[in-house]
Amino acid sequence: MTETQTTTAPKKILFVNTRAPYGSSMARDALDALLAASAYEQDLSVLFLGEAVFQLLRNQNPKAISMKNLAATLPVLPMYDIKQIFVQKSALSSRGLSIDDLVLPAKVLGEDEIATLMGSQGAILSF
Amino acid sequence: MSLLHTVNKSAFNKDTLLSCLAICQAKHSVLLIEDGVYGAMKSSPCREKIERLSAKGVSFFALAVDVKARGLSDMLINDVTLASDQDFVNLVVQHSATQSWY
Amino acid sequence: MKLSIAVYGAPHSSEASESAYRFASTACSMGHALIRVFFYHDGVHNASSLAVPPQDETQTTQRWQALALKFNIDLVVCVAAALRRGIVNTEEAERYELESQNLAEGFEISGLGQLLDAAVNSERLVSFGH
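Model, not experiment: these values are computed from the prediction.

S.K.: Any chance you could explain the pairing of strand β1 (residues 3-7) of chain B here in plain terms?
M.R.: Consecutive side chains along a regular strand alternate between the two faces of the sheet. All names here are of chain B. Where burial is concerned, most of β1 is hidden: 5 out of the 5 residues are buried. The alternating pattern of β1 places L3, H5 and V7 and L4 and T6 on opposite faces, both of which are buried. Sheet topology note: the β1/strand β5 (residues 97-101) ladder contains 5 bridges and is parallel. Paired with T6 across the two strands is S100, which belongs to β5. Handedness of the crossover is the feature at issue here: the chain leaves β1, passes through helix α1 (residues 16-23), returns alongside strand β2 (residues 29-32), and the resulting connection is right-handed.

The following block contains the structure:
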């Protein structure tokens, strides 16, 4: 593999999630990528848009569909130093959800704030 | 910093483009690729939003090869510009980051 | 500019691989440095040496190989996604006592961290999904 030089200043990298859990593996794959990324000491943020807010819903129990519980893993994010966690306000409200329904603390953002968040990133990983 | 959005789902059966447009601001660009080019049709459910955002400074593009593949060349909203593969690369380079909606 | 690409779609099943290849090929022809193409999720199928598209259809794996050779591009396949989908190199085939290996030449199996590494060390990263 080509040798790459790591830059010294942490880069702002945003993980954008858009999928509900379980129906596709994208939610799980995104989480695995995020956890792997935490080892690289960059300035990581994660944003849950649209259907992805369902990833954060409490009381998930996918055992009978032979899948790993996504919501059981998500609360470890702060332990991996991933503390900048954002949720789309309109996605919650259009689905009849509030912040109290979620398994981990997240900052609720309006559309303009989301645009600002995305615009401030060095790279966006879209899932 | 300005964003490039790519959208590859048709606006007629998915809300992907709608979700993208909700985040768009002036100086952002939206590039419709693959099935996303259907969203650029005059009959698109997103036509009004596209025209409104275009007036506010959002640039709209549709990847020419995908438009041609689908037979849509004469059916596009005026505010949407055909983009070549080179234009796609240039758009990525010119914007601070790319959000891919798929 | 230094660019990287993430590919999440399998050849044939979606247009993601086609769009990604054309972007990669165009960027290289324009003189940009394509640091890495990272294959994740269903994108790992681009790296199979066992796929046999009909003669009159796109030879996806081969054209990635040719592009990588011509422009010295890292073609990296995520090990976890690859194992799940049965794309294995010799090392993994031996580790799991599998019948054979099928990672196409020119592709390299590596960890998920290589995606973040690509994002860190490129000036732009574009994702192609389905």
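S.K.: Is there a simple way to explain the pattern of salt bridges in this structure?
M.R.: Note that side chains of opposite charge can pair when their charged atoms are close. Within the structure shown, the criterion is met by 16 salt bridges over all chains. Of the charged contacts, one joins C:E91 and C:R95 as a salt bridge, the two residues approaching to 3.3 Å between their closest N and O atoms. Residue C:E91 and its partner C:R95 are both found in helix α4 (residues 90-95); the two are separated by 4 residues, about one turn of the helix. One network of salt bridges, with partners in common, ties together B:D35, B:D66, B:R70 and C:E15.

S.K.: Sorry if this is basic, but what is going on with the sheet that holds β5(B) here?
M.R.: The strands that make up a sheet pair up through hydrogen bonds in the backbone, lying either parallel or antiparallel. Residues and elements named next belong to chain B. Taken in spatial order, the 5 strands of this open sheet run β4-β3-β2-β1-β5, and their pairing is parallel. Unpaired on one side and paired on the other, β4 (80-83) and β5 mark the two borders of the sheet. Taken pair by pair, the neighbouring strands of this sheet meet at an average axis angle of 25°, ignoring direction. Docked against the sheet, α1 engages β1, β2, β3 (59-63) and β5, running at close to 170° with respect to β1.

S.K.: Sorry if this is basic, but what is going on with the interface of chain C and chain A here?
M.R.: How large an interface is tends to be reported as the accessible area lost when its parts come together. At the junction of the two partners, chain C supplies 25 residues and chain A supplies 27 residues. Taken together, both faces of the contact between chain C and chain A bury some 2100 Å²; the carbon and sulfur share is 57%. Where chain C meets chain A, there are 0 salt bridges. At the boundary of chain C and chain A, one finds 8 residue pairs in polar contact (both at pLDDT 80 or more). Of all elements in the fold, only β2 (33-39), β3 (74-78), α3 (79-85), β4 (107-110), α5 (113-121) and β5 (124-128) of chain C reach the threshold of two or more residues within the side of chain C that touches chain A. At 8 residues, the largest contribution of residues to the side of chain C that touches chain A is made by α5(C).

S.K.: Would you explain the interface of chain C and chain B in this entry?
M.R.: Listed per partner, the contact involves 19 residues of chain C and 20 residues of chain B. Each partner contributes to the roughly 1600 Å² buried at the junction of chain C and chain B, and carbon and sulfur atoms together form 60% of this total. At the surface where chain C touches chain B, the tally comes to 2 salt bridges. Across the salt bridge formed by B:D85 and C:R22, the nearest N and O atoms sit 2.9 Å from each other. In this assembly, chain C and chain B are joined by 8 residue pairs in polar contact (both at pLDDT 80 or more).

S.K.: In this structure, what is going on with the sheet that holds strand β1 (residues 2-7) of chain C? I would like to understand it.
M.R.: All names here are of chain C. Pairing within the open sheet is parallel, and its 5 strands lie in the order β4-β3-β2-β1-β5. Sheet topology places β4 and β5 at the edges, where each strand pairs with a single neighbour. Direction aside, neighbouring strands of the sheet carry axes that sit 25° apart on average. With 4 bridges connecting them, β2 and β3 associate as parallel partners. The residue bridging R36 from the neighbouring strand is D74, located in β3.

Parameters and conventions
- Residues numbered from 1 in each chain as written.
- Chains lettered and ligands numbered in written order.
- Predicted model: local features only at pLDDT ≥ 70, side-chain atom pairs only at ≥ 80, totals over all residues.
- Heavy atoms only, no water.
- Buried < 20%, exposed > 50% of the residue type's maximum accessible area, 1.4 Å probe, protein only.
- Helix = DSSP H or I, 4+ residues; strand = E, 2+ residues; numbered from the N terminus.
- Pairing = 2+ DSSP bridges.
- Right-handed = clockwise from strand over helix to strand, strands pointing away.
- Salt bridge = Lys/Arg side-chain N within 4 Å of Asp/Glu carboxyl O.
- Axes fitted to C-alpha atoms, helices over the stretch in contact; angles between N-to-C directions.
- Contact = heavy atoms within 4.5 Å.
- Buried area = accessible area lost by both parts, 1.4 Å probe.
- Polar contact = N/O pair within 3.5 Å; in protein donor to acceptor, adjacent residues only side chain to side chain.

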